Amino acid sequence: ITSYEYVEDADPTAFIGKWECKRAVIDGEEITDIEGIPLYAVCQIELKDDDTVSVSENMTEYGIIEESPECFWGMLSETEIGIMDENGDAMFFSFDGDYLVGTDMATDDVMYFVRVDEFTPFDFESFINGFNESDKTAFFGKWEGERAVVGGEETTDINDIPLSLIYQFDFKEDGTV
């Protein structure tokens, strides 16, 4: 973090260690999982005593971030740190009770992390297999498109043709569409 002034004599020990996300507020909506995968399984960071940040590989593998950037952290005060990646994207963190609360400066999204000795294991394979074996009857039947995001903008038609005419699906019990 180069654009913020660090406090050189602040004690970093309260921040050093492993942290995993328990909940977040993204676009104003509180979440505890992403597509059924708990946040703690995919949003894990380790603040190291050499001012670097290790980001969980699960964050890239499961699409939370595109690639694991090189990140650094520093003390902004006795109770606040900043984390910045190589692209200049920054989050500020401070304590709220037992939570280390991070605010994304670009989006105002908020993430609530708890300290852990070891990251909580999550069996991704069982999760995927469970989904494959889950009750899918709610999806069976005829479906049609209503709206979509194209080029970053929401639309209900393409070239004046309603999406309900373009996108029509019939999901069948035998797995065919």
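The structure displayed is predicted, hence computed values, not measured ones.

Reading the values: rules and limits
- Residues numbered from 1 in each chain as written.
- Predicted model: local features only at pLDDT ≥ 70, side-chain atom pairs only at ≥ 80, totals over all residues.
- Heavy atoms only, no water.
- Core = buried A, V, L, I, M, F, W, Y, C linked by side-chain atoms within 4.5 Å.
- Buried < 20%, exposed > 50% of the residue type's maximum accessible area, 1.4 Å probe, protein only.
- Helix = DSSP H or I, 4+ residues; strand = E, 2+ residues; numbered from the N terminus.
- Contact = heavy atoms within 4.5 Å.
- Phe/Tyr/Trp six-rings, centres within 6.5 Å; stacked < 30°, edge-to-face > 60°.
- Lys NZ or Arg CZ within 6 Å of the ring centre and 35° of its normal.
- Disulfide = S-S within 2.5 Å.
- Salt bridge = Lys/Arg side-chain N within 4 Å of Asp/Glu carboxyl O.

Caption draft 1: View of the nonpolar core. Counting 26 residues, the largest nonpolar core has Leu47 and Ile83 as the members making the most contacts within it. Going through the elements one at a time, strand S1 (17-26), helix H1 (39-42), strand S5 (44-47), strand S6 (52-55), strand S7 (71-77), strand S8 (80-85), strand S9 (90-96) and strand S11 (110-116) are the ones with two or more residues in this core. Those residues within four positions of Leu47 in sequence are excluded, and the remaining contacts are Phe15, Ile16, Gly17, Trp19, Thr52, Val53, Trp73, Ile81, Ile83 and Leu100.

Caption draft 2: Focus on the packing of aromatic side chains. Tallying each qualifying case throughout the model produces six aromatic pairs. Ring geometry for Trp19 and Phe95: centres 6.1 Å apart, planes at 55 degrees, overall tilted. Of the two residues, Trp19 is situated in strand S1 and Phe95 in strand S9; the sequence distance between them amounts to 76 residues. Ring geometry for Tyr99 against Tyr112: centres 5.5 Å apart, planes inclined by 80 degrees, an arrangement best described as edge-to-face. Of the two residues, Tyr99 is situated in strand S10 (residues 99-104) and Tyr112 in strand S11; the sequence distance between them amounts to 13 residues. Connected via pairs of aromatic rings, a cluster forms that spans Phe15, Trp19, Trp73 and Phe95. It is Arg23 that lies over the ring of Tyr99; its NZ or CZ is 5.2 Å from the centre.

Caption draft 3: Expanded view of the state of the cysteines. The full count for this structure, using the stated rule, is zero disulfides. With no disulfide of its own, Cys21 has Cys43 as its nearest cysteine by sulfur position, at a separation of 5.0 Å.

Caption draft 4: Local environment of the pattern of salt bridges. The tally for this structure, following the rule as stated, stands at five salt bridges. Here Glu146 and Arg147 are joined by a salt bridge, their closest N and O atoms 3.5 Å apart. Side by side, Glu146 and Arg147 carry an identical accessibility label, which is exposed. For Arg147, the salt bridge identified is with Glu154, shortest N-O distance 3.3 Å.

Caption draft 5: Examining the environment of Ile158 more closely. Looking at the element boundaries, Ile158 is found in strand S15 (residues 157-158). On the basis of relative accessible area, Ile158 is assigned to the partly exposed category, the value being 32%. Measuring from C-alpha to C-alpha, the distance between Ile158 and Arg147 comes to 10.0 Å, with eleven residues separating the pair along the chain. The residues touching Ile158, leaving out its near neighbours within four places in the chain, are Leu163, Ile166 and Tyr167.

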